[in-house]
Structures are given as structure tokens and as C-alpha cells.
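So you can see what is in the structure, the chains are spelled out below.
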Amino acid sequence: MSTTNVVDNPETLPARRNQSVSQLDLIVIPVFFVLLAILLTVVWIYSDFDGTTTSILEPDRLWTQAQEQITVALWSTVLVIVLAIPLGILVTREGAPRLKNNLVTVLGLGQALPAYGLLVLFFVAFGQGTLTVVLALAAFALLPVLRNTIVGLEQVDKSVIEAGKGMGLNGFQRLRKIELPLAVPVIMGGIRTATIINVGMATLAYLIGGGGLGITIAAGLKLNRPVTILVGALLVALIALAFDFIGGLAQRYLRPKGLS
Amino acid sequence: MNPNPQGPQLEENKVTTPKISLRNVTKTYSGVDQPAVKDLDLDIASGEILVLVGPSGCGKSTTLRLINRMIEPSSGEIIFDGENVTNSDPNELRRRMGYVIQQVGLFPHRTIAENIAVVPKSLKWPKDRIRARVDELLELTGMDPNVYRDRYPKELSGGQAQRVGVARALGAEPDVLLMDEPFGAIDPITRFNLQNEFLRLQSELKKTIVFVTHDIDEAVKMGDRIAILRDQSEIAQLDTPEAILTNPADAFVVDFLGSGAVLKTLTLRRLRDIQLVHPPEITEQTGRADAAAQLRQSDFPYAVLLDDTRRPIAWVDQKNLDSSDSLDSNSRRIPVKLQPEDTLQEALSVMLQTSAGMSAVVDGSGQYLGTCTIQSLAELLTDQPVDGASL
Ligand SMILES: Nc1ncnc2c1ncn2[C@@H]1O[C@H](COP(=O)(O)OP(=O)(O)O)[C@@H](O)[C@H]1O
Ligand SMILES: [Mg+2]
């Protein structure tokens, strides 16, 4: 019973964002970004920094950690896209229907694991380092993109595909000219979700030597310096919002013309 | 109104080879015991509209889709232009046959022009030829190219979308059109117009058309020949609409035709096919007494009033002649003049509208030719050999 739930949940909750929401996104995200940036500035200026806090919040360090965070998030997102979209295409082709549900089940189970556990598993398998983090995050964020690729391809009006077939377009041409363009808005929704997951999860990268802003947050926790925790978390949130804004732009401009 | 070529065309076809033949074709879907199409033999003549009609689920769509190999036959052969295409490249075959479906299936992310250009582009036509062809097809299907060329499908009404669907199917000048309930999802008035326009188009294009419908009225209207199908695409009767309506093969066909079968024959016959009658003809110059005498001697309740150029103006009865008013002011005007090409069905509706029970028939220049009366229609209907039809 519990396994069917795992399958059902991701299936019934496709991370799909429709157009009106995504257009609203392009206003809401910058607003949040500015608000958080103001909050960060206020915290930075009005908090009392003791020596420990000052050394943790060394700007050069923060900059390096932010770069690491971005690098990890970016590469794991690229990896997710490169893996999940072809996989989604493959399992939705005629003659491979059974694979699809199994795959979503397995990945659903994977996502039900705590992120920490997944990271440890990958650490055991691949050892320390940025590459391990990238692989672990990619595994974790695969499901939304895969699921949205499947949903996006399957929601394409069958009569449009039928008409394409009737005009002599072969399977590859139908995929390239009809199915993929019409699935783009839904697939992009999945990619945005994956991006957010990756930016957030990259905070755990420090656990296995992947660096990132997790270092600052963890130091704040260990040394009981709430300001550094807040600054680290706000920086992560700002990076996430920036990524999501770019995703929103892409979703808007990659969306084929003519769709309602 | 709908000059679909019938008699002479079919006689020609008997000697020429069929455009498309299905030979012993059977289709059994995987996971289904019973075949959807069983051992079907069917010849489709060049330039005809063959209608496949039958109850839902009898295998019409399956039969149609076997022709362009959207589905592969389990056994049997498909011959196209004398060539066995059962194992040829299906995509190449499909580009030679226009395919129109009820849901139209326009590409929503492509403009109208791009939709129509799909097959010409696959065939690598040069750009200007494609552009010219798109405009030509839009004109042909009654859509202004300047207005619609660059629009997207979501901006079209159902009827317009299906026009584009037909234009797209005609894109690369195929000889054959396969149409699966093309006007099935369209409101009755628009459907009526699309049917008429399509028949007019076909009278110019002379394509070979296989047309699927579940609507016997549409079948009678559109078909040069009709194949009435029962389960598993078994042909119950294959003949001209007239022959089927007047001489149904068996109880299944009678049942499928329904009780209006005899009335439907009116849609098939034209005024030029029947003998017109001639009530007395009078003009404003004819003396009243003379006119009254003529009318009394005839069997008709009305005389027809003609103007100087022999255009019919009004039906005049005894009472009109007795009154002192001018004839064309108080008599029954003739608002609608029929032409020999119009169907008897149209004649009947005109008669019912004007309540004179008569309709005047004129030639192309508007000159009076004769009259069709409700009695002549009734005689026609009852004289016909209608044995077998449930009346
Ligand atoms: N893809 C399919 N798989 C299995 N059975 C099908 C499929 N398509 C049609 N059928 C069955 O084949 C029969 C004929 O269907 P169809 O040709 O669509 O009939 P029609 O067009 O006359 O309504 C029906 O019983 C239908 O259920
Ligand atoms: Mg059907």
C-alpha cells in the first residue's frame, strides 16, 4: 500500500506551472529577491559582530562559498536535464509503457529518503568531493524533471500527433516537431523545480567536502552564532530566487507561440 | 446547388482500374479476439466520393486507416494506383494521401500557413511554390489568405479549423483524400455549408475520396457511392445513393436508412430530371375574362403571371382575377425562383414556404421554364419501386 502511495503522490502532483502563474512569477520573484536583499543588508548592518562572527562572515569566504554553491547547483541541474529528458522521452515511446511506472516508483522511493541519507549513500559509493555532491543532487532532483517530461509529452493532444503521422512525419519528426515543442512549458516547470531543489540541497555539500554556504550555516550552528545562520540562509535563498527567475524567463521565452 | 458528378462518371469507372483496392484485408487489434475488419474487398474508383457509413464501432475508421497504413493490416493487400503498397514506405504513402480527421489536429504552435505547408515542406518544395500553394488553398477553402495566413489555430472557429484541415490535407496535391467524420464535430448550419462547399470544391478537383460518417443523411448527400457497413466492416450494400434508397438490400440496410428513406430520395433528384407542368401563363396585358377562362379550363388553382421578359412574378387565382386591383399587388408573389440544378428537396421546401403548393422554375437568365407542383412530387414518390423500404 505504502509503495502505491509513493507512486501516486508524485503522479498526482505534477510540478506543473501554468502560464498565468509563470508570468506572475516574473514579478513576484524579483520582489521577494529585493525584500530578502534588504533584510540581509539590515541584518548585516545592525547586528553586533564579535570576532568569531566576523571571521565566519569574511566576505571573501562567503563569495567563494556562494560560487561553490552555484557551481554544484548548476552542474547537478545540467546533469538532471541531460539524464531525465531523454529518459522521459524513451519511456513514453510506443512499446515501452511498462518501464515508465516502475521508474517513477523507484525514483519516488529515492526521493522519499532523507536527502542526508542519499548523500551518505553516494559518499560511500564515490567518496568525497564536488563530483559526488553533483551526482547525489542529480539523483535527488531527477524525479520532477522526469515526471514532468512524461506528463508533458503525454498531455499533447493525440489528434495532433495522429495528424502529423497522417502527413507522413516519422516517429522522430513527430517528437521533434510536435511532441517536444508542445511539452516545453511543462518540462520547463520540472526543470525549475529541480533547480530550486539543487540550490537548496547544495547547502549539504559541505558534509562531504563539496563546500558551499552550508559551511557558514553549520559554523553558526556549532558556535551558536544565529546571525551567521541567518546570513547563510538568506544568501542561499537569494541564489535560489535568482535561479528561479532565470528559469521563469526561459519558461516564458521557450514556450512556443500559439499556445493558449 | 451541389453538382456532384454521378451517373456518367460511374459508368466510366467500371472499365478503368480502381484507384485504390483492398484485397481480403483483415485487421485484428492485438489483445482483441474478434477482427475489427474481416476479409474486406473494396474497390474505390478514381474521382469518386465513396462513403463508408455504418453504426458506431462497425470498423469504418479502422478501414479508412488501413488505406494509408496508419494501422497495418493483419492480412490482405492494399493496392494504390495499381501498385501493391502493403509493404512500401508508409510515410511516403501517407504523403500521397490527404488525411482529414474529426478533431482536425492542427499543430497549435504553428501558424495556419505553416500547418498547410507541412507535407510540401517534407517533399522539399521550393519556398515560393509553397507560399503560392498555401494562398491558393486558403482561397480555395474560402479563407482570406491575408487575414488567416499568419494566425494560429486557437484563433479559429471549429468550422474554420476544419477548412484549414482540408486545405492542409490538399497541401501537396494528393490524388486521394481520406476523411474520417470531417464535419462530425461542427454545428448543423456550418456543417451544411461545409458540405456544400466541399462538393463544389470536389466538382473542380475530382479527387478520389473515401469519406467516413455515421450519418446516413450525410452519406446520401456526399456520396457518389455508399458502402453501408455492418460489424467487422462487412459490406451490407455498396451502390449509388439512389439505388440504396430505392432498393435496399436487406433488413439491416432498411433499418439503417430509417423511415425517412423515401423523402431522402428528394435530395438526390433535381428539377431537370422531372417533367415540369404548365399552368396557364398570363401577363398584365392578358384580359381578365380571357385569363379567368384559361384558368377555369385548366386543372390548376393558379395561373402564373409573367412580366414582359417572361420572368415569373406571382401566382394568380380566380379571386385575384375577379377583384379590380392590379394583379401583381394582391396575388401570391413568387419570391424564390428555382433552377433546374436545384434538388426536389429544395423545391418542396419552397412550396411549403409560399403555401401555393407550386414552385416556378427558371433558366439561368431568369426566364420561366415551367412549374413543379406538390402533386408531381407526391406522384414521383409513390410511383417509385420502394419494395423493402419500411413505409
Ligand atoms: N486501437 C485499438 N485497439 C483495440 N481495439 C480497437 C482499436 N481501435 C478500434 N478498436 C475496436 O475496433 C472496432 C472498430 O472500431 P472503429 O474502426 O473505430 O469503428 P468506427 O469508426 O466504425 O466507429 C471497435 O470495436 C473498436 O472498439
Ligand atoms: Mg470512427
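Calculation criteria
- Note that residues are indexed from 1 along each chain, following the sequence as it is written.
- Written order determines the labels here, with chains lettered from A and ligands numbered from 1.
- In keeping with the model being predicted, local features are shown solely for residues with a pLDDT of at least 70 and side-chain atom pairs are shown and tallied solely at 80 or more, while totals for entire chains, interfaces and linings include all residues.
- Based on all heavy atoms of the structure, the side-chain values leave hydrogens and waters out of the count.
- Working definition: helices are DSSP H or I runs of at least four residues, strands are E runs of at least two. Numbering for both runs from the N terminus.
- Burial status follows relative accessibility: with a 1.4 Å probe on protein chains alone, a residue under 20% of its type maximum counts as buried, one over 50% as exposed, and anything between as partly exposed.
- We call two residues in contact whenever any of their non-hydrogen atoms come within 4.5 Å of each other.
- Note that accessible areas follow from Shrake-Rupley with a 1.4 Å probe, and for residues the cover is restricted to the protein chains shown.
- Working convention for charge: Lys and Arg count positive, Asp and Glu count negative, and His plus the chain ends are omitted.
- A charge is said to be at NZ when it belongs to Lys, at CZ for Arg, at CG for Asp and at CD for Glu.
- Once two parts are put together, the accessible area they lose, assessed with a 1.4 Å probe and summed over both, is termed the buried area.
- The salt bridge definition used is simple: a Lys or Arg side-chain nitrogen within 4 Å of an Asp or Glu carboxyl oxygen.
- Residues adjacent in sequence count toward polar contacts only when both atoms are side-chain atoms; beyond that, a polar contact is any pair of N or O atoms within 3.5 Å, and within protein one must be able to donate a hydrogen and the other to accept it.
- Note on method: axes are straight lines fitted to C-alpha atoms, helices fitted across the in-contact stretch only, with angles between N-to-C directions ranging 0 to 180 degrees.
- A crossing counts as left-handed when the near helix is turned anticlockwise from the far one by less than a right angle, and as right-handed when that turn is clockwise.
- Whether two strands pair comes down to DSSP finding at least two bridges between them.
- What marks off one domain from the next here is an automatic or database domain assignment.
- Summary of the distance rule: residues count as near a molecule or strand when at least one heavy atom falls within 4 Å of that molecule or strand.
- As a working rule, the residues Ala, Val, Leu, Ile, Met, Phe, Trp, Tyr, Cys and Pro are called nonpolar, Asp, Glu, Lys and Arg charged, and the rest polar, with Gly in that last group.
- Oblique is the label for every angle not falling under 35 degrees (roughly parallel), over 145 degrees (roughly antiparallel), or within 65 to 115 degrees (roughly perpendicular).
- pLDDT gives the predictor's per-residue confidence on a scale running from 0 to 100.
- By definition here, a helix of n residues has an expected span of 1.5 Å times n minus one.
- Pairs were defined over the aromatic rings of Phe, Tyr and Trp, the Trp ring being its six-membered one, requiring ring centres within 6.5 Å. Orientation was assigned from the angle between planes: stacked under 30 degrees, edge-to-face over 60, tilted for the rest.
- Two conditions define a charge located above a ring, namely a distance within 6 Å from the ring centre to NZ of Lys or CZ of Arg, and an angle within 35 degrees of the ring normal.

A. Structural view of the overall build of chain A. Looking only at helices and strands, chain A features 11 helices and zero strands. In chain A, the order of α-helices and β-strands from amino to carboxyl end is α-α-α-α-α-α-α-α-α-α-α. Considering only C-alpha atoms, chain A reaches an extent of 75 × 40 × 30 Å along its principal axes. Here chain A holds 260 residues, and 47% of them are scored as buried. Sequence-distant contacts, at least 24 apart, represent 81% of the contacts inside chain A between residues at least 6 apart. Surface accessibility of chain A: about 12700 Å² in total, with carbon and sulfur atoms responsible for 68%. Charge centroids of chain A, computed over 18 positive and 14 negative side chains, lie 9 Å from each other.

B. Representation of the overall build of chain B within the structure. A count of helical and extended segments in chain B gives 18 helices and 16 strands. Its C-alpha atoms give chain B principal-axis dimensions of about 80 × 50 × 35 Å. Of all 391 residues assigned to chain B, the portion counted as buried reaches 54%. When contacts within chain B are restricted to residue pairs at least 6 apart in sequence, those whose partners lie at least 24 apart make up 63%. Counting every atom, chain B has about 17400 Å² of accessible surface; 48% of that belongs to carbon and sulfur.

C. View of the environment of Lys127(B). Residues and elements named next belong to chain B. With respect to the secondary-structure elements, Lys-127 resides in helix α6 (residues 127-140). By relative accessible area, which is 66% here, Lys-127 ends up exposed. Along the backbone, Lys-127 and Met-97 are 30 residues apart, and their C-alpha atoms lie at a distance of 22 Å.

D. The interface of chain A and chain B, seen in detail. Counting from both sides, the interface comprises 20 residues of chain A and, opposite them, 22 residues of chain B. With both sides pooled, the region where chain A packs onto chain B buries about 1800 Å², and carbon together with sulfur makes up 63% of that total. Counting the contacts that link chain A with chain B gives one salt bridge. One salt bridge in this structure joins Glu162(A) and Arg65(B), with 2.2 Å as the shortest N-O distance. Counting across the chain A and chain B interface gives six residue pairs in polar contact (both at pLDDT 80 or more). Every element with two or more residues in the side of chain A that touches chain B is listed here: α8 (158-166) and α9 (171-201) of chain A.

E. Representation of the packing of helix α4 (residues 59-91) of chain A against α9(A) within the structure. Residues and elements named next belong to chain A. At a minimum axis distance of 10 Å, the contact between α4 and α9 shows a crossing angle of 145°. Like other packed secondary-structure pairs, α4 and α9 cross with a definite hand, here right-handed. Each of Gln-69, Ala-73, Ser-76, Thr-77, Val-80, Ile-81, Ile-85 and Ile-89 in α4 lies in contact with α9, whose residues at this interface are Leu-175, Leu-180, Ile-187, Ile-191, Ala-194, Thr-195, Asn-198, Val-199 and Gly-200.

F. Inspection of the sheet that holds strand β13 (residues 312-316) of chain B at higher detail. All names here are of chain B. Reading across the sheet, the four strands line up as β11-β12-β13-β14 and stay open at both edges, with mixed pairing between neighbours. Of all the strands in the sheet, the pair left with one neighbour each is β11 (281-282) and β14 (332-333). In the sheet, β11 pairs with strand β12 (residues 303-306) via two bridges, with the strands oriented parallel. Counted as the bridge partner of Ile-282 is Leu-305 from β12.

G. Region of interest: the domain arrangement of chain B. In terms of domains, chain B is made up of domain 1 (8-262) and domain 2 (273-379). Using only C-alpha atoms to locate each centre, domain 1 of chain B and domain 2 of chain B end up separated by 43 Å.

H. Structural detail: the site of ligand 1. Residues and elements named next belong to chain B. Around ligand 1, the neighbouring residues are Tyr-29, Val-32, Ala-36, Ser-56, Gly-57, Cys-58, Gly-59, Lys-60, Ser-61 and Thr-62. Measuring from an oxygen atom of ligand 1, one finds a side-chain N or O atom of Ser-61 at 2.7 Å. Take Thr-62: an N or O atom from its side chain is 2.4 Å from an oxygen atom of ligand 1. For ligand 1, whose free accessible area comes to 560 Å², the fraction covered by protein is 55%. Partitioning the shell around ligand 1 into residue classes produces four nonpolar, five polar and one charged.

I. Region of the structure containing the packing of helix α8 (residues 158-169) of chain B against helix α9 (residues 188-205) of chain B. Residue and element names in this part refer to chain B. Two elements in contact, α8 and α9, have axes separated by 11 Å at closest approach and are oriented at 25°. It follows that α8 is roughly parallel to α9 by the angle criterion. Handedness of the α8/α9 crossing: right-handed. In this structure, α8 uses Gly-159, Gln-162, Arg-163 and Val-166 to contact α9, whose residues at the interface are Thr-190, Leu-194, Glu-197 and Phe-198. Looking at the contact of α8 with α9 residue by residue, the classes come out as three nonpolar, three polar and two charged.

J. How the structure looks around the sheet that holds strand β1 (residues 20-27) of chain B. Residue and element names in this part refer to chain B. Pairing within the open sheet is antiparallel, and its four strands lie in the order β2-β1-β4-β5. Each end of this open sheet is capped by a strand with a single partner; those strands are β2 (37-44) and β5 (83-84). For β1 and strand β4 (residues 75-80), the ladder comprises five bridges, and the chain directions are antiparallel. Residue pairing for β4: Thr-26 is matched across the bridge by Ser-75. The strands that helix α2 (residues 60-67) touches are β1, β2 and β4; relative to β1, the one it contacts most, it runs at about 120°.

K. Broad picture of the confidence of the model for chain A. The predicted model of chain A has a mean per-residue pLDDT of 87, with 91% of residues at 70 or higher. Note that residues 1-19 of chain A has pLDDT below 50 and, in this model, 30 contacts with residues that lie over four places away or in other chains.

L. Expanded view of α8(B). Residues and elements named next belong to chain B. With 12 residues, α8 extends 16 Å from end C-alpha to end C-alpha; this agrees with the ideal 16 Å at 1.5 Å per step. Extensive coverage of α8 is indicated by the burial of 11 of its 12 residues. Taken together, the buried positions of α8 are Gly-159, Gln-160, Ala-161, Gln-162, Arg-163, Val-164, Gly-165, Val-166, Ala-167, Arg-168 and Ala-169.

M. Structural detail: the pairing of β13(B). Residues and elements named next belong to chain B. For β13, the buried fraction is high: five of the five residues fall into the buried class. Where β12 and β13 come together, four bridges link them in antiparallel fashion. Its bridge partner lying in β13, Val-304 is registered against Trp-315. Between the end of β12 and the start of β13, which pair antiparallel, lie five residues, with Arg-310 showing a positive phi angle near 65°.

N. Structural context of the packing of aromatic side chains. Counted according to the given criterion, the structure contains five aromatic pairs over all chains. Between Trp44(A) and Phe49(A), the aromatic rings sit 5.5 Å apart at their centres with planes inclined by 75°, giving edge-to-face as the arrangement. Aromatic pair Phe122(A) and Phe126(A): ring centres 5.7 Å apart, planes at 35°, arrangement tilted. Placement of the pair is Phe122(A) and Phe126(A) together in helix α6 (residues 115-126), with a separation of four residues, close to one helical turn. The cationic tip of Arg129(B) hangs over the ring face of Trp125(B); the distance from NZ or CZ to the ring centre is 3.5 Å. One cation-aromatic arrangement involves Arg230(B) over Phe252(B); the distance from NZ or CZ to the ring centre is 5.1 Å.

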